[in-house]
Every structure is written in structure tokens, then in C-alpha cells.
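Observations on chain architecture
The lines below spell out each chain.
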Amino acid sequence: MAVSRTLAILGATGSVGTSTLDLVALHPERFDVTALTAATQVDALADAAIRTGAKLAVIDDETLLPRLRERLAGSNCRAATGRAALSEAATSADLVMAAIVGCAGLEPVMAALAAGRTVALANKESLVTAGAIMTDAATRCGATILPVDSEHNAIFQCLVGNRSQDVAKLVLTASGGPFRQKSLAEMRAMTPEQAVAHPNWSMGAKISVDSATMMNKGLELIEAHHLFALPPERIDILIHPQSVIHSMVEYVDGSVLAQLGSPDMRIPIAHALAWPERMATPAARLDLASIATLTFEQPDSERFPALRLARSALEEGGAAPTVLNAANEIAVAAFLARRIGFGDIAALVERALGAVGAPPPRSVADVLDIDREARDTVRQLMISLAA
Ligand code: NAD
Ligand code: MG
């Protein structure tokens with residue numbers, strides 16, 4: 001029987017967070033939950049804290065702290081808010097599920113790495129924005145980053161037992177999102193509801209819009225570069241609408257290893273939670289005979305300019321990936337709030353990349369400064385767009 005390990009879940013009320021909680025409930029003997037965090041969903045947070053026996057629950061919205069306290073009264077769980085409490089949550093366990101969305105997850109991830117923890121990383125934006133600052137901290141502090149993003153988790157699995165110098169290239173697969181077959185003109189008219197209706201995966205709103213623009217695959221290209229230390233020209237993107245092959249590694253001898261499975265995030269989440277063991281999940285078994293056909297296409301960076309923007313930000317390096325990520329976060333939020341159109345998202349990111357001329361970040365504080373500047377720049381650009 002597996003030995004129980006301590007687990008903290010950052011972003012416990014989101015799509016990845018609740019899938020993580022479902023897996024913990026299926027394998028209670030494996031995990032001792034120490035802390036849970038959320039932005040605003042105070043009741044879901046309190047319920048999960050009581051259910052799991054967590055000792056600390058952190059709510060980002062401080063106006064909700066009294067409500068959290070009230071809900072946790074009589075339990076052994078302490079209610080808290082603020083950056084210090086988030087870092088305390090992030091360092092409270094051996095294994096930390098990083099499932100906050102966006103750059104908001106950066107500081108707690110860095111705290112967990114500085115404490116030498118094992119971080120199951122779903123929060124790709126933190127790695128995209130901080131890049132080598134994060135991977136260097138992990139190396140220096142003896143911390144481990146386990147990829148939860150399905151593509152990177154697939155590659156991680158395909159690398160086992162091989163030498164890194166024998167890797168020829170990585171192939172990141174992409175479903176192509178809900179607008180794979182739409183023209184540029186059609187895409188301009190798309191609403192938030194249409195953009196979040198992903199054909200294969202059920203996910204949070206931000207990553208669903210990122211899948212529709214394909215910025216998600218652009219962020220994943222940058223994520224793969226940092227996780228697996230390969231130059232951008234050795235990371236390909238391949239459209240695979242069925243989302244059965246989650247990514248591939250090609251070796252120097254021409255062998256290609258792939259990881260397959262149903263498109264269900266519980267599989268990569270379970271892989272990271274149980275690593276280096278495996279644990280059962282309720283995910284549907286892959287039935288290739290009924291799927292029958294797997295298809296592949298080249299990505300189209302004319303209809304999906306975010307792919308081109310992310311690749312050039314990675315090639316440029318310095319502050320560019322931080323600007324790309326921050327500008328995208330603001331533009332996606334504005335699209336979801338119906339303040340800008342779908343086509344404006346990539347256009348704003350492109351303009352922000354041209355407008356912010358910051359030096360390369362050397363610390364998390366530098367990253368957060370660039371992040372703020374890029375957000376302000378996009379807000380200004382949106383004002384001029386509306387005028
Ligand atoms: P989500 O929006 O469903 O959940 C986000 C979680 O983060 C929630 O618990 C929310 O309360 C919390 N949160 C949001 N803003 C916060 C802030 N400012 N401070 C503190 N907490 C905050 O998102 P999700 O779909 O679960 O995605 C989480 C992360 O995992 C993202 O980085 C996403 O790219 C990545 N990811 C998700 C999936 C998926 O299937 N959902 C797949 C791969 C990667
Ligand atoms: Mg992914």
C-alpha cells in the first residue's frame with residue numbers, strides 16, 4: 001500500500017482543482033490534505049476544507065474572509081487571506097498542486113519551489129512568465145516540477161528511460177479548439193459562449209478562450225521549452241482534432257513515442273499525484289476501435305496569429321514571454337466581459353509586444369513589474385480601441 005503524503009491544492013475550486021479533489025476522495029489513504037486555496041468561491045472552498053480535513057483554507061478576496069471563518073467555525077481548519085497565507089499554503093505539504101490560473105499563481109509556486117517541494121504544475125502561465133527564473137530556482141532548491149498540462153505530462157511519460165541527448169524533437173498535439181475550421185471573418189464574430197465551448201475538454205474559462213485563439217498552444221510551446229530544455233525549432237505543433245495522442249517525442253533513431261488516453265484531465269493529474277507510482281482513475285478507457293480514425297493537420301498561423309506571436313516571443317526571449325502572457329490575460333478577460341471582440345485578443349497582444357520595451361527579468365520582482373506594465377499598456381490600448 002502507498003504511503004500517505006501531504007498535499008496542498010492551490011486553486012482548489014477550479015476545473016483542475018476539483019478534479020484533484022475528486023481523485024483525493026477516491027484514494028483517501030494516499031493523501032493527507034494540508035491546505036486549500038481559492039479566489040472567490042468561499043462556500044466551495046469551505047466545503048472542500050471540511051471534507052478533506054485541511055488545516056488551512058486561503059481565500060484571495062479578503063472581503064470573503066468573515067464568511068470563510070463563519071463556515072469553518074468548529075472545524076480544525078484556519079481561515080486566512082493574503083500573500084503570506086498563500087505562501088504558507090504553498091509550503092505546507094510535500095506535494096503542491098499548482099492549479100491557480102494566470103500569473104497570480106507565480107508567487108506561491110516560487111514559494112513551494114524555494115522550500116524544495118514537489119510541484120504538480122497545471123499553472124502554465126507562471127512558467128511562461130518567469131521561465132528560467134523558475135526552473136533555476138527549482139534546480140537550486142532541489143525542488144521537482146511535475147507537468148500536469150496533458151501535453152507536457154505526455155512528453156514527461158515518453159521521456160522515461162531515455163537520455164535527453166537522444167531526443168530529436170518534441171511534437172505537441174493540439175485539438176485546434178472550437179474554431180479549427182472557421183475562417184478569420186467568421187472568428188471575428190464569435191462570442192464568449194462559442195469560444196468556451198471546447199469540443200473535447202471541459203476546462204476553466206480562460207484556458208478555454210486560449211484554446212479557441214490557440215494561444216494555449218503558444219503558451220504550451222514556451223512551457224515545453226522550459227520544462228524539457230529544447231530550443232523552439234525542435235518543438236513542433238501538430239493539429240490532432242480527436243485529442244487521443246496527447247503529445248510525442250521523436251528520437252534520433254527515428255522512433256516516435258506517444259502517450260494516448262481519453263481526453264480527461266484526471267489522467268495527467270493522477271499521474272502527477274501518484275508519481276513515480278500510478279493510481280486508478282474513473283476516466284473512460286480508450287476505445288480505439290470505436291474512435292477508428294486519428295487525423296492530423298498542420299497548424300495555420302494566419303488564422304491563429306497567437307501561435308506566431310508566442311513562437312516569436314520565445315525566440316526573442318527577455319521580457320517578451322512575460323509581456324505576451326500578461327497582455328493575453330488582460331485581453332482574454334476583456335473578451336469574456338464582452339468589451340473587445342475575439343480578433344482583438346491577438347491584435348492587442350501583438351501591439352503590447354511592440355510597445356513594452358522592458359529589459360530581461362532577473363527576479364520574480366522584475367517579472368511582476370513587467371507583468372504590471374504590460375497589463376497597463378493593454379488597458380490603455382483598449383481605451384483607444386473603444387474611443
Ligand atoms: P479555473 O478558472 O477553473 O480555476 C482557477 C482556480 O484558481 C480557481 O480555484 C480560482 O478560485 C483560483 N484563482 C483564480 N484567480 C486567482 C487569484 N487571482 N488568486 C488566487 N486564486 C485564484 O482554471 P482551470 O481550468 O482549473 O486552470 C487552472 C490552471 O491549469 C491554468 O493555468 C490552466 O492553464 C491550467 N490547465 C488547465 C487545464 C484544464 O483542463 N482545466 C488543462 C491544462 C492546464
Ligand atoms: Mg494542455
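Each remark here, short or long, concerns the structure printed above.
What counts as what
Residues numbered from 1 in each chain as written. Chains lettered and ligands numbered in written order. Predicted model: local features only at pLDDT ≥ 70, side-chain atom pairs only at ≥ 80, totals over all residues. Heavy atoms only, no water. Pairing = 2+ DSSP bridges. Helix = DSSP H or I, 4+ residues; strand = E, 2+ residues; numbered from the N terminus. Axes fitted to C-alpha atoms, helices over the stretch in contact; angles between N-to-C directions. Contact = heavy atoms within 4.5 Å. Donors = N, O, S within 2.8 Å, 3.2 Å for Na, K, Ca; no water. Buried < 20%, exposed > 50% of the residue type's maximum accessible area, 1.4 Å probe, protein only. Left-handed = near helix turned anticlockwise from the far one by under 90°. Nonpolar A, V, L, I, M, F, W, Y, C, P; charged D, E, K, R; others polar. Near = heavy atom within 4 Å. Polar contact = N/O pair within 3.5 Å; in protein donor to acceptor, adjacent residues only side chain to side chain. Areas by Shrake-Rupley, 256 points an atom, 1.4 Å probe, with all protein chains shown as cover. Domains from an automatic or database assignment. Patch = residues over 30% accessible without salt bridge, like charges linked within 9 Å, V, L, I, M, F, W, Y side chains within 5 Å. Salt bridge = Lys/Arg side-chain N within 4 Å of Asp/Glu carboxyl O.

1. Let's talk about the sheet that holds strand β9 (residues 235-239)
A sheet is described by the order of its strands in space; here four strands give the open sequence β9-β8-β10-β11, paired in mixed fashion. Each edge of the sheet is formed by a strand with only one pairing partner; in this case those strands are β9 and β11 (256-260). When strand polarity is set aside, the average angle formed by the axes of neighbouring strands in this sheet is 20°. Its contacts with the sheet put helix α8 (residues 150-159) on β8 (167-174), β10 (245-251) and β11, and the angle it makes with β10 is roughly 40°.

2. Looking at the coordination of the magnesium ion (ligand 2)
Ligation of the magnesium ion (ligand 2) by protein atoms is provided by Asp149 (OD), Glu151 (OE) and Glu220 (OE), these donors lying 2.1 to 2.2 Å from the ion. Within one chain, the residues serving as donors to the magnesium ion (ligand 2) are arranged as D-x1-E-x68-E. Taken together, the residues Glu151 in helix α8 and Glu220 in helix α12 (residues 215-228) connect sequence positions 69 residues apart. By relative accessible area, which is 1% here, Glu220 ends up buried.

3. Thoughts on the packing of α8 against α12
At their nearest, the axes of α8 and α12 sit 10 Å apart, and the two run at 30° to each other. As for how α8 packs across α12, the hand of that crossing is right-handed. When α8 is examined against α12, the residues Glu151, His152, Ile155, Phe156 and Leu159 are found in contact with a partner set consisting of Lys217, Glu220, Glu223, Ala224, Leu227 and Phe228. Across the contact of α8 with α12, the residue classes break down as six nonpolar, one polar and four charged.

4. A look at the site of ligand 1
Not every one of the 22 residues close to ligand 1 is listed here, only the nearest: Thr13, Ser15, Ala39, Glu125 and Gly204. Gly11 places a polar main-chain atom, nitrogen or oxygen, 3.2 Å from an oxygen atom of ligand 1. Here an oxygen atom of ligand 1 sits 2.8 Å away from a polar atom, N or O, in the main chain of Ala39. Summarising the interface, the protein chains cover 86% of the accessible area of ligand 1, which totals 830 Å² for the free molecule. Those elements that place two or more of their residues in the shell around ligand 1 are α1 (15-26) and α6 (124-130). Looking at the shell around ligand 1, its residues break down into twelve nonpolar, six polar and four charged. When residues of the shell around ligand 1 are sorted by domain, at least three fall in each of domain 1 (5-147) and domain 2 (149-311).

5. Describing a nonpolar patch on the surface
A cluster of nonpolar side chains, contributed by Leu260, Leu288 and Ile291, occupies part of the molecular surface with about 220 Å² of accessible area. With respect to the helices and strands, the residue Ile291 is situated in helix α14 (residues 288-291). With relative accessibility at 31%, the residue Ile291 sits in the partly exposed group.

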